Amino acid sequence: MTRIYDEHPEYTAEARHRLEDRKLEGFVYAVTTFNFTDIAGNLPSAPALLGNVVVWKPSDSQVYSAKVIMEVFKEAGLPDGVINMVMGDPKMITDVVLENRDFAGLHFTGSTTVFKNLWKQIGDNIHNYRSYPRIVGETGGKDFIIAHPTANPKQVATAISRGAFEFQGQKCSAASRAYIPKSMWEEVKKFVVEDVKSFKMGSPEDMSNFITAVIHEASFDKLAKYIDAAKKDDEAEIVVGGNYDKSKGYFVEPTIILTKNSRYSTMCTELFGPVMTIYLYEDDKWEETLKEVDTATDYALTGAIFSQDRYAAAQATKALQNAAGNFYINDKPTGAVVGQQPFGGARGSGTNDKAGSILNLYRWISPRTIKETFVSATDYRYPFLGE
């Protein structure tokens, strides 16, 4: 924000030039998901930082931590009425907000389908608004790991274990599809199976548990459905995991599916849980596999390439330039750090406005340029009109 306010046009001898960073003319609607408490705090506070009033609807699976965030804002000195948190029926709240003439922007994190529906609803109401609303969204992902034949198998396995199963895979950035050369698979498989079998699983109250429950029953049921389908399908097999239990909490065992079909359902569909699907490619099909990674899904959020061949890493970086807004070389595709890897993706993964960066903050201002002339003209004739 300070960098934005420090930007000013150049002065000239004839006039003074100023840039005024106005707030939007209206209010911003912030819609947040359950899985990142910091993002739930960031989405309403970023527009507020630039002077906007915000209506904030947190996920109904995250209302308690949202309430705590509001208490923190208040303790920090945020005046009443700047960020207005509302809870209740999502459709009712959204309908009221998006029908208001003063709606000026949407700051959204959630599913691709919901974001598209909101965009359409805003479009349907466009003639009602005072101005054209800003639409900023970070949505789904089908994030990948691709290993070059020169990659270190242990490093690839660790990236899968961390990238796919931290927070039960409930990250839009979580690795959920991997492309492994056939020559490397047995070694990677050994390390990954060892990791998964060593995971401690239980209540989130015990910080030593690497795996805890998924968020709610609907998520549990969806994941169980895909796991059961893989058990029955000739194109897939369960390498490790595959069990689930909701007798006490919604626990899904970290599961790795091996498929013969690079377009198998779990290679293309976002599951948002601890399920990783792996496809094995022929070692000499590297370039063809890069094309498959790029075209297999509509998402483009995060991705990772593992290679000890610098030329192959550079080749993948170029071939996959539109496949991920956050791209990692020899690291897992999760854990973006503010100020180092501004986060966001394009295609079906959002508007790529990079939450937590100056790029995002620019969306919440409406600049005005002001020119003050010192000696005003007194003759309409320009010099070129002379003899």
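Residues numbered from 1 in each chain as written. Predicted model: local features only at pLDDT ≥ 70, side-chain atom pairs only at ≥ 80, totals over all residues. Heavy atoms only, no water.

Peer 1: Quick rundown of helix H4 (residues 90–98)? Include the residues and the values.
Peer 2: Among all positions of H4, only Ile93, Thr94, Asp95, Val97 and Leu98 are buried. Buried residues along H4 sit against strand E2 (27–31), strand E3 (53–57), strand E5 (103–109) and helix H5 (112–124). (Buried < 20%, exposed > 50% of the residue type's maximum accessible area, 1.4 Å probe, protein only. Helix = DSSP H or I, 4+ residues; strand = E, 2+ residues; numbered from the N terminus. Contact = heavy atoms within 4.5 Å.)

Peer 1: Could you give an account of the sheet that holds strand E8 (residues 175–181), naming the residues involved and the relevant values?
Peer 2: Taken in spatial order, the seven strands make up an open sheet running E9-E12-E13-E8-E7-E15-E16, and their pairing is mixed. Because the sheet does not close on itself, it has two edges, and the strands there are strand E9 (236–240) and strand E16 (326–329). Going across the sheet, the axis of each strand differs from the next one's by a mean of 20 degrees, ignoring polarity. Pairing of strand E12 (residues 255–259) with strand E13 (residues 275–281), which is carried by five bridges, proceeds in the parallel orientation. Residue pairing across strands places Ile257 opposite Thr277, the latter belonging to E13. (Pairing = 2+ DSSP bridges. Axes fitted to C-alpha atoms, helices over the stretch in contact; angles between N-to-C directions.)

Peer 1: So what's going on with the sheet that holds E3? Which residues, and what values?
Peer 2: Neighbouring strands of a sheet are bound in pairs by backbone hydrogen bonds; such pairs are parallel or else antiparallel. What the five strands build is an open sheet, ordered E4-E3-E2-E5-E6; its pairing is parallel. Each end of this open sheet is capped by a strand with a single partner; those strands are strand E4 (83–85) and strand E6 (134–138). Geometrically, the sheet is characterised by an average inter-axis angle of 15 degrees between neighbouring strands, direction not taken into account. In the sheet, E2 pairs with E5 via five bridges, with the strands oriented parallel. Opposite Val28, over in E5, you have Gly105 as the bridge partner. The strands touched by helix H3 (residues 63–75) are E3 and E4; relative to E4, the strand with the most contacts, the crossing angle is about 155 degrees. Contacts between H5 and the sheet are confined to E5 and E6, with E5 contributing the most and set at about 170 degrees to the helix.

Peer 1: Before we move on, could you go through a nonpolar patch on the surface and cite the residues and values that matter?
Peer 2: A cluster of nonpolar side chains, namely Val63, Tyr64, Val68, Val72 and Met87, defines an oily patch on the protein surface of about 470 Å² accessible area. The residue Val72 is located in helix H3 in this model. (Patch = residues over 30% accessible without salt bridge, like charges linked within 9 Å, V, L, I, M, F, W, Y side chains within 5 Å. Areas by Shrake-Rupley, 256 points an atom, 1.4 Å probe, with all protein chains shown as cover. Salt bridge = Lys/Arg side-chain N within 4 Å of Asp/Glu carboxyl O.)

Peer 1: Would you mind going over the layout of surface pockets in detail, with residue names and values included?
Peer 2: Sizing a probe to match a water molecule and rolling it over the atoms shows the empty space that remains. One number sums up the size of the largest pocket: a volume of about 1000 Å³. Residue lining of the largest pocket: 44 residues in total, with Thr33, Phe34, Gly110, Ser111 and Val114 positioned closest to the centre. If one sorts the elements of the lining of the largest pocket by residue count, H5 sits on top with five residues. Here the second largest pocket is characterised by a volume of approximately 500 Å³. Together, 31 residues line the second largest pocket, and Asp38, Ile39, Ala336, Phe343 and Ala355 are the ones closest to its centre. Among the elements of the structure, helix H2 (37–49), E5 and E6 are those that each provide at least two residues to the lining of the second largest pocket. A per-class count over the lining of the second largest pocket returns twelve nonpolar, 14 polar and five charged. (1 Å grid on protein atoms, 1.4 Å probe; cavity = no way out; pocket = protein on both sides within 12 Å on 5 of 7 lines; lining within 4 Å. Points joined across faces, edges and corners; volume = space filled by probe spheres on them. Nonpolar A, V, L, I, M, F, W, Y, C, P; charged D, E, K, R; others polar.)

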